[in-house]
Each structure stands twice: as structure tokens, then as C-alpha cells.
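Coordinate analysis (summary)
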Amino acid sequence: MQVSDRNKNVRSIAILAVICFILQIMLTPQVSFGGGVINFALIFSAAIALKYGGKTGVVCGFFAGLIYDLTSANPIGLMALLLVVSSYFIGQEVRDRISGNFGTSMGLIVLQTFGVTFMYQLINSLIGSGGNFFEGLFFKSFPALPVFYVLSHSKRSHSSLGGTTLYRGSHRAPQRFK
């Protein structure tokens, strides 16, 4: 029997949000990889969407995106919109996907990273607030695709992404001892 302790979930989400906020403020401006920076708001929204899903993932994605927009020099609301949409699609199943299929979960995070980064670069270049679109596309978005391919075809991946499953035999729940 699973017991749902709502306050434990809220505490866990709040602690993770504070940690990601501190890392976003302190570490992101200092560390750059090929012109791109770490987006802790994206990592936070993906983790919450995969762990809790549903409304929780969407609301956390909105607030994480809003904080990202307020701490960057880009239009306010753009990252919030992208994280809400991506968290909605990732968290549709409203279950803990991370503990069940870790390879698939990481593949979804990489795919979310590609989609959000691509759309962010595209919209920023269309409204004129971003840099070169192709530079952002090749140095920020496309490096995520080989990682997605490797994770989706690993042995521990779920079969819905083309890999094989780790579970063999019956998928029935174990019977309790009486």
C-alpha cells in the first residue's frame, strides 16, 4: 500500500526549488560551455514533471520558467511558457517515471532539453533579442540529440523508445504472504 504524504512532497519540491534557484543565480552566470549555460529551471521542471506529473509539474515549470526569465536578459514569460508546455507533455502519466524506467526518463529529459532550447532560440531570433539562430541551434540544441539516441537504445531503456526492457517474464504484482 502506498501512502501519499502531501506535506512530504511539498517539502521535497520546496527544497529542490531553493537548491535549483541558488544554483541558477550563483553558478549559471559563472560557468559556460561553448556559449551555452546550464538551465537549472529546465532541470527542475523536468525532474518534478517526471516524479509527480500532472498539475504539480506544470505549476513548478511555470514558476521555474518565470524565475529564469526574471534572472536573464530575455523576454519575460517565454521560458515559463516553454517549460509549462514541456512539463505538461512529460508529466501526462502522473506517476513516478524516474524509478521505473530510468533510461527512458533521461531520454525524455534530453528530448525536452532539445525542444525547449530549440524553441527558445527560434523565438528569440525571430523577435530579435537573441544572437545568431544557427549558432544557437548547432551549439546548444543539436548536441542533445546523440545523448537521446544513446539513452533511448540502451539495454535499460523502455521498449517504447526502441530499446529493450530490463524486466523479463511475468509483469504481475507479487503476491503477499498470509
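Residues numbered from 1 in each chain as written. Predicted model: local features only at pLDDT ≥ 70, side-chain atom pairs only at ≥ 80, totals over all residues. Heavy atoms only, no water.

What follows is about the packing of aromatic side chains. By convention here, two paired aromatic rings are described through the distance between centres and the angle between planes. Evaluated as defined, the whole model comprises four aromatic pairs. Consider the rings of Phe62 and Phe63, whose centres lie 5.3 Å apart with planes at 70°: the pair is edge-to-face. Among the residues examined, Phe62 registers a relative accessible area of 36% and is labelled partly exposed. Geometrically, the ring pair formed by Tyr88 and Phe89 is edge-to-face, given 5.5 Å between the ring centres and 65° between the ring planes. (Phe/Tyr/Trp six-rings, centres within 6.5 Å; stacked < 30°, edge-to-face > 60°. Buried < 20%, exposed > 50% of the residue type's maximum accessible area, 1.4 Å probe, protein only.)

Moving on, we come to a nonpolar patch on the surface. A cluster of nonpolar residues, Ile15, Val18, Ile19, Phe21, Ile22, Leu23, Ile25, Met26, Leu27 and Ile67, forms a patch on the protein surface that exposes about 840 Å² of accessible area. Along the chain, Phe21 falls in helix 1 (residues 6–26). (Patch = residues over 30% accessible without salt bridge, like charges linked within 9 Å, V, L, I, M, F, W, Y side chains within 5 Å. Areas by Shrake-Rupley, 256 points an atom, 1.4 Å probe, with all protein chains shown as cover. Salt bridge = Lys/Arg side-chain N within 4 Å of Asp/Glu carboxyl O. Helix = DSSP H or I, 4+ residues; strand = E, 2+ residues; numbered from the N terminus.)

It should be kept in mind that the predicted coordinates are not to be read in detail where pLDDT is low. Taken over all residues, the pLDDT of the protein chain has a mean of 76, while the share at 70 or more is 71%. Looking at the elements of the protein chain, mean pLDDT is at its lowest for helix 8 (residues 144–152), recorded as 65, and at its highest for helix 4 (residues 78–90), recorded as 92. (pLDDT = per-residue confidence, 0-100.)

Before going further, it helps to examine the packing of helix 2 (residues 40–51) against helix 6 (residues 102–127). One can describe the packing of helix 2 onto helix 6 by two numbers: an axis separation of 10 Å at closest approach and a directional angle of 135°. The orientation of helix 2 relative to helix 6 falls into the category oblique. Two packed elements cross with a definite hand, and for helix 2 against helix 6 that hand is right-handed. Of the residues in helix 6, those touching helix 2 at Leu42, Ser45, Ala46 and Leu50 are Ser105, Leu108, Ile109, Gln112, Thr113 and Val116. Among the residues forming the contact of helix 2 with helix 6, the class breakdown is six nonpolar, four polar and no charged. (Axes fitted to C-alpha atoms, helices over the stretch in contact; angles between N-to-C directions. Parallel < 35°, antiparallel > 145°, perpendicular 65-115°, else oblique. Left-handed = near helix turned anticlockwise from the far one by under 90°. Contact = heavy atoms within 4.5 Å. Nonpolar A, V, L, I, M, F, W, Y, C, P; charged D, E, K, R; others polar.)

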